[in-house]
Amino acid sequence: MAEKRRIRDFQQADTEHLSKWKKWRRTSSKSLKKALGEVKGLSSYLVLWRHDIHSIEGKFGTGIQSYFSFLRFLVLLNFIIFILMFSFVTLPTIISKYGIFNSTIAYISPKNIDDTCTIYKPSGNKGLVYFYTYLKDLLSGTGFLEVTSLFYGYYSIDAVWISIMSYNLPLAYLLATFAYLTLSSLWIIKRSVEGFKQNLVHDADPFQSYCNKVFAGWDFCITDPSAARLKHRSLQYELQTDLQEEKLKQKIAERKMGEKLRIYTLRIFINIIVIAILSGCFYSIYRVTVFSQENSSDTGNVNSQVNLLVQYLPSMVITLANFIGPLIFAFLIRFEDYTPAFEIKLTLLRCVFVRLANIGVLLFSLWSQIAGCGSDKCKPCGYNYKLYPCWESDVGQEMYKLMIFDFIVILAVALFADFPRKLLVTHCSWKLVQWFGHKEFEISDNVLEIIYGQTICWIGTFFSPLLPAIATIKYFIIFYVKKIVLIHTRKPAARPIRASSSNFFFLVVLLIGLLLAFIPLGFSIARIPSSKACGPFRNYNTSWEVIPDTILQFPTGLQQILFGIASEAFAVPFFVILCIIMFYVIALARAHKRVVEQLREQLVLESRDKMFLIRKIAEAQRYP
């Protein structure tokens, strides 16, 4: 304190010799820094679910807390994607259709297109409609929802004139799609890099992690007793996880050759079983999808209920595979003797192939019907216009149904499985019921659920621009559902998970889902002919053609520059330069790593020298 008073007196004496302008600048700078600090402190209280996530961290550990933080990240991401699509696609269309701000709509007559390709009659409800019809439309995306701004077919506008300004809606639609995919990629990569740094620091020096938790882990600014208990439980779970992993590492190091051979043989056998299960799921989905495609359009089938069952047979098999697969993988992983963090990673990798591949199978079946031109069904339009006059809206409806169905399944499991099990275990003393006991909160299954839903959202946003709004509401409700289920029906994990490695791996799996979304979207935009009866791209062969068509309207010099950037003469040298920069960065990182290792060894040697000197001083004092 005396040193602080001395520095303050010195600064006050120094300011007496300054001019009024410099005094005002210094005072303003201090006031601005203080105000920014207060605003930053207040903004921390505005973080979504801040108190709820801290409470979950204290009661159930940082591993489960990382799941809810991940869920919060997806809520914010989908909300921003919704704002992006609504601002640049939906809002201009609504403004133009209602004539706000003296806006008008510009339609361009299709050229060189058969009239049969432009016929599109949405199945909107007309006249007196029963309530269950509205409910069916709400669940399936048909009827009154098909003609709303929720789906692609609503945006059949070529340009919007607001006063003297023209707004190119097809270009805005495509650029908004690229924007939300790029935004998602950059945000996920940024968070992944942060998690990777934390994971790298933790794995590099476990002793440092112990020291940080024991000597610097407590927050001495905590004054509330409940907050202190939460922080105490959080540190307890972190230390418990560290000690358990160190115990497993010590156990692995002490294994004998016979035990290692037994474990490796068991792991190989279990992996063969896993591969067989995955192969069976994929083959079943493929065969059921082919059977459904061949028989669902059978007009001779009088029984409509059987026909409906055949149509939804792939969805039923996919749901069954999504439910049974993770249960089998979670049971098998217990016998492989991995660390808790690696168990989550391996289980997620196994389950992700089941869930995300289901989306690929569904899209493959849809595109085989849309672009299937076996008997000249696609000759006039380039796609199956009789069955799919506006195929983008049909794909959007399928994504919408997957989103709604996934949400219903999550709610149904919570209401009809988790809570009845809790009541049975609490009030029933049968040995079989008590053997089942309270269920643990399986992080891998819950993370995979929301990654599966987010992949559907990324794919479906192009075909249903308001789907991110539905995903935002869905994840917002799921947060509270999962919180209630966790607190009232689940028990803390017997093997707690560290948040640092879990957060990083969750984002890596989410990035895999985003990369999977790139493939069908790129194929739809660049390869499949766009619908000629609906949508903003009805005057283009494909959605991508709006980009070169817009570039051709630029000045000649700018056209040459842009086409030159897209040419091989620019791409090859650019790729070579990127490779050189990448190799340089890798070499620099390795050099820095060697320097860090040398400094760490030097610190160890210095600590040994200090211990040696302390022993010598103690011996000299003992024997003068």
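Residue indices begin from 1 for each chain and proceed along its sequence in written order. Given that the model is predicted, a residue must reach a pLDDT of at least 70 before its local features are reported, and side-chain atom pairs must reach 80 or more before they are shown or counted; all residues, however, enter totals for whole chains, interfaces and linings. Only hydrogens and water are removed before side-chain values are computed, so all heavy atoms of the structure are retained for them.

On to the overall build of the chain, then. Where helices and strands are cited, they refer to DSSP runs of H or I of at least four residues and of E of at least two residues respectively, numbered from the N terminus. Of regular secondary structure, the chain possesses 20 helices and five strands. Long-range contacts, defined here as pairs at least 24 residues apart, represent 76% of the contacts in the chain between residues at least 6 apart. Accessible area for the chain stands at about 37,000 Å²; split by element, carbon and sulfur atoms hold 66% of it. Any pair of residues with heavy atoms lying within 4.5 Å of one another is described as a contacting pair. Note that accessible areas follow from Shrake-Rupley with a 1.4 Å probe, and for residues the cover is restricted to the protein chains shown.

Moving on to the UniProt feature "transmembrane region" (unreviewed entry) in the chain. UniProt positions are given in the numbering used here, feature names are shortened, and annotations may be inferred rather than shown by experiment. In this numbering, the UniProt entry assigns the feature "transmembrane region" (unreviewed entry) to residues 73-95, 264-286, 312-335, 347-367, 504-523 and 561-586. What you have in residues 264-286 is 100% helix and 0% strand, and the ends, taken at the C-alpha atoms, are 33 Å apart. With 92% helix and 0% strand, residues 561-586 has its two end C-alpha atoms placed 32 Å apart.

The subject of this paragraph is the state of the cysteines. Disulfides are defined in this document as cysteine sulfur pairs within 2.5 Å. This model, assessed by the stated rule, comprises one disulfide. Paired by a disulfide, Cys390 and Cys534 hold their sulfur atoms 1.8 Å apart. Between Cys390 and Cys534 the disulfide shows an S-S torsion of about 90 degrees. By sign, it is right-handed. One end of the pair, Cys390, is in the loop between helix 12 (340-370) and helix 13 (391-427); the other, Cys534, is in the loop between helix 17 (499-526) and helix 18 (546-551), with 144 residues separating them in the sequence. As far as burial versus exposure is concerned, Cys390 and Cys534 are alike and both buried. Relative accessibility under 20% of the residue-type maximum defines a buried residue, over 50% an exposed one, and the middle range a partly exposed one, all with a 1.4 Å probe and only protein chains included.

What follows covers the pattern of salt bridges. Any carboxyl oxygen of Asp or Glu that lies within 4 Å of a side-chain nitrogen of Lys or Arg is treated as forming a salt bridge with it. The tally for this structure, following the rule as stated, stands at four salt bridges. With its nearest N and O atoms 3.4 Å apart, the salt bridge here joins Lys482 to Glu449. Placement of Lys482 in helix 16 (residues 467-489) and of Glu449 in helix 15 (residues 443-460) is noted, with a sequence separation of 33 residues between them. For Glu449, a relative accessible area of 17% puts it in the buried group.

Right, let's talk about the nonpolar core for a bit. Within soluble globular proteins, side chains that are nonpolar tend to cluster in buried spots. Residues grouped as a nonpolar core are buried Ala, Val, Leu, Ile, Met, Phe, Trp, Tyr and Cys residues, joined through side-chain atoms within 4.5 Å. Among the nonpolar cores identified, the biggest contains 110 residues, and Phe68, Phe70, Tyr180, Trp391, Trp458, Phe462 and Leu510 are the most heavily contacted of them. The residues touching Tyr180, leaving out its near neighbours within four places in the chain, are Ile81, Leu84, Met85, Trp458, Thr461, Phe462 and Leu521.

Okay, the packing of helix 3 (residues 50-60) against helix 16 next. At a closest axis distance of 12 Å, the pairing of helix 3 and helix 16 adopts a crossing angle of 30 degrees. Between helix 3 and helix 16, the angle is such that the two are roughly parallel. For the crossing formed where helix 3 meets helix 16, the hand is left-handed. Along the contact surface, helix 3 presents Asp52, Ile53, Ile56 and Phe60, while helix 16 presents Phe479, Tyr480, Lys483, Leu486 and Ile487. Taken together, the residues that form the contact of helix 3 with helix 16 break down as seven nonpolar, no polar and two charged. Lines fitted to C-alpha atoms define the axes, with helix axes restricted to the stretch in contact, and inter-axis angles between N-to-C directions lie between 0 and 180 degrees. Roughly parallel means an angle under 35 degrees; roughly antiparallel means over 145; roughly perpendicular covers 65 to 115; every other angle is labelled oblique. For a crossing to be left-handed, the near helix must be turned anticlockwise from the far one by less than a right angle; the clockwise case is right-handed. Residue classes follow a fixed rule: Ala, Val, Leu, Ile, Met, Phe, Trp, Tyr, Cys and Pro count as nonpolar, while Asp, Glu, Lys and Arg count as charged, and any other residue, Gly among them, counts as polar.

Glancing now at the packing of aromatic side chains. Where two aromatic rings form a pair, the distance of their centres and the angle of their planes describe that pair. Working definition: rings of Phe, Tyr and Trp (its six-membered ring) pair if their centres are within 6.5 Å, and the pair is stacked with planes under 30 degrees apart, edge-to-face with planes over 60 apart, and tilted otherwise. The full count for this structure, using the stated rule, is 23 aromatic pairs. Look at Tyr152 and Phe462: their rings are 6.3 Å apart centre to centre, the planes differ by 40 degrees, and that puts the pair in the tilted class. With Tyr152 in the loop between helix 5 (131-140) and strand 2 (159-162) and Phe462 in the loop between helix 15 and helix 16, the pair connects residues that are 310 residues apart, well separated along the chain. Residue classification places Tyr152 among the buried residues on the basis of a relative accessible area of 0%. Summarising the aromatic geometry, the rings of Tyr152 and Phe537 are spaced 6.5 Å apart at their centres and angled 20 degrees between planes, so their arrangement reads as stacked. Of this pair, Tyr152 sits in the loop between helix 5 and strand 2 while Phe537 is found in the loop between helix 17 and helix 18, placing the two residues 385 residues apart along the sequence. Accessibility assignment for this pair places Tyr152 and Phe537 in one class, buried. Lying over the aromatic face of Phe73, Arg191 brings its terminal NZ or CZ to 4.4 Å of the ring centre. For a Lys NZ or an Arg CZ to count as sitting over a ring, it must be within 6 Å of the ring centre and within 35 degrees of the ring normal.

Below, the discussion takes up the environment of Val317. Tracing the sequence through the fold places Val317 in helix 11 (residues 313-333). Each C-alpha atom, one on Val317 and one on Ile285, is 6.6 Å from the other, the two residues being 32 residues apart in sequence. Residues contacting Val317, with those up to four places away along its chain left out, are Ile285 and Val288.

Turning to the packing of helix 13 against helix 15, a few remarks are in order. Orientation of helix 13 relative to helix 15, taken along the N-to-C sense of each, is 160 degrees, at an axis distance of 9 Å. One finds that helix 13 runs roughly antiparallel with respect to helix 15. The element helix 13 and its partner helix 15 pack so that their crossing is left-handed. Note on element contacts: helix 15 touches helix 13 through Glu449, Tyr452, Gly453, Ile456, Cys457, Ile459 and Gly460, opposite Met399, Leu402, Met403, Asp406 and Ile410. Looking at the contact of helix 13 with helix 15, its residues break down into eight nonpolar, two polar and two charged.

It is worth spelling out a nonpolar patch on the surface at this point. A cluster of nonpolar side chains, Phe554, Leu558, Ile561, Ile565, Phe570, Phe574, Ile577, Leu578, Ile581, Tyr584, Val585 and Leu588, forms an exposed patch at the surface whose accessible area comes to about 1,100 Å². Mapped by element, the contributors of at least two residues to the nonpolar patch are helix 19 (556-565) and helix 20 (568-622). Examining the composition of the nonpolar patch, we find that eight residues originate from one element, helix 20, more than from any other. Position of Tyr584 relative to the elements: it lies in helix 20. Think of a patch as exposed residues, more than 30% relative accessible area, with no salt bridge, where like charges cluster within 9 Å and nonpolar side chains (Val, Leu, Ile, Met, Phe, Trp, Tyr) cluster within 5 Å.

This brings us to the side chain of Lys483. Here Lys483 lies in helix 16. If we ignore the near neighbours within four places in the chain, the residues touching Lys483 are Asp52, Ile56 and Phe68.

For Ser543, the location among the structural elements is in the loop between helix 17 and helix 18. Excluding residues within four positions of it along the chain, Ser543 makes contact with Leu174, Phe462, Ile525, Ser530 and Phe537.

Mapped onto the fold, Leu239 is located in helix 8 (residues 225-253). Under the relative-accessibility criterion, Leu239 is labelled partly exposed at 28%.

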